[in-house]
Amino acid sequence: MSFIALVTLVVRDYDEAIAFYTDSLGFTLVEDTDRGDGSRWVVVRPPGATGGTDLLLARAKDDRQAAAVGAQTGGRVGFFLHTHDFAADHARMLAAGVRFLEEPRHEPYGSVAVFEDLYGNRWDLLQPA
């Protein structure tokens, strides 16, 4: 069996990204290892997840990578955070200062609202129907 274990998210700064994902979104810091060359191996996991797809927070190394920070999916929603309690997670994230781009919608496929991470990458907070 195969599965996607990590997805890389290019960030401006390790510590500010860790703070946003753990404090604002409630992710767990799984690993933060100094690689000895000024880079770190930083992995965060969504709240309540026991494995599956984690995020590798990778600091931009050059101008080309820095230009991609916040625009990794060309302005489209590129990340989907599933929840079992949309109302509670939405309220918690609002209280933590997460910027939602719309009011919650209730669609046939579930409850959803688009939010941005600290760099402007778009995410869906989604509770499937």
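By convention here, each chain's residues receive numbers from 1 onward along its written sequence. Residues qualify for local features only when their pLDDT is at least 70, as the model is predicted, and side-chain atom pairs are given and counted only at 80 or more; totals for whole chains, interfaces and linings, by contrast, use all residues. For side-chain calculations, the full set of non-hydrogen atoms in the structure is used, while hydrogens and water are omitted.

## A word on the UniProt feature "domain: VOC" (unreviewed entry) in the chain
- UniProt positions are given in the numbering used here, feature names are shortened, and annotations may be inferred rather than shown by experiment. UniProt tags residues 3-128 as "domain: VOC" (unreviewed entry).
- Across residues 3-128 one finds 21% helix and 40% strand; the C-alpha atoms that close the span lie 21 Å apart. A helix here means a DSSP run of H or I that spans at least four residues, while a strand means a run of E at least two residues long, and both kinds are numbered starting from the N terminus.

## Some details on the side chain of Asp 54
- Inspection of the secondary structure assignment puts Asp 54 in strand S4 (residues 54-59).
- For every residue, the accessible area (1.4 Å probe, protein chains only) is compared with the maximum for its type, and the residue is labelled buried under 20%, exposed over 50%, or partly exposed between those bounds. Taking relative accessible area as the criterion, Asp 54 reaches 7% and is therefore assigned buried.
- If near-sequence neighbours (up to four positions away) are discounted, Asp 54 is found in contact with Ala 5, Leu 6, Val 7, Val 43, Val 44, Arg 45 and Pro 46. Here, two residues are considered to be in contact whenever any of their heavy atoms come within 4.5 Å of each other.

## A few points about the pattern of salt bridges
- Basic side-chain nitrogens of Lys or Arg form a salt bridge, by our definition, when they fall within 4 Å of a carboxyl oxygen of Asp or Glu. Per the stated rule, a full pass over the model turns up eight salt bridges.
- Residue Asp 54 pairs with Arg 45 through a salt bridge whose shortest N-O separation is 2.8 Å.
- One salt bridge connects Glu 102 with Arg 105, and the closest N-O pair in it is separated by 2.4 Å.
- Glu 102 sits in the partly exposed class, given a relative accessible area of 25%.

## Side note on the pairing of strand S2 (residues 28-34)
- When DSSP locates at least two bridges between a pair of strands, those strands are taken to pair. Of the pairings in the sheet, the one linking S2 to strand S3 (residues 40-45) comprises six bridges and is antiparallel in character. Bridge pairing links Glu 31 to Val 43 in S3.
- In textbook terms, the turn of a hairpin is the stretch between consecutive antiparallel strands, and for S2 and S3 this stretch comprises five residues, one of which, Gly 36, has a positive phi near 85°.

## Things to note about the layout of surface pockets
- Grid spacing is 1 Å over the protein atoms alone, the probe is 1.4 Å, and a cavity is where that probe fits but cannot get out, while a pocket is an open set with protein on both sides within 12 Å along at least five of seven lines and lining residues have an atom within 4 Å of a point. Grid points are joined across faces, edges and corners, and a volume is the space filled by probe spheres set on the points. In this structure, the largest pocket spans a volume of roughly 340 Å³.
- Forming the boundary of the largest pocket are 18 residues, of which Pro 46, Pro 47, Phe 80, Leu 81 and His 82 lie nearest the centre.
- At the level of secondary structure, the elements contributing two or more residues to the lining of the largest pocket comprise S4, strand S5 (77-82), helix H3 (86-95) and strand S9 (122-128).
- In terms of residues, the lining of the largest pocket owes the most to one element, S5, which gives four residues.
- Three categories are distinguished: nonpolar for Ala, Val, Leu, Ile, Met, Phe, Trp, Tyr, Cys and Pro, charged for Asp, Glu, Lys and Arg, and polar for the others, with Gly belonging to the last. Counted by class, the lining of the largest pocket contains ten nonpolar, five polar and three charged residues.
- Taken together, 13 residues make up the lining of the second largest pocket; nearest its centre are Tyr 14, Arg 35, Ser 39, Ala 58 and Lys 61.
- The element that contributes the greatest number of residues to the lining of the second largest pocket is S4, accounting for four residues.
- Of the residues assigned to the lining of the second largest pocket, the class counts are five nonpolar, three polar and five charged.

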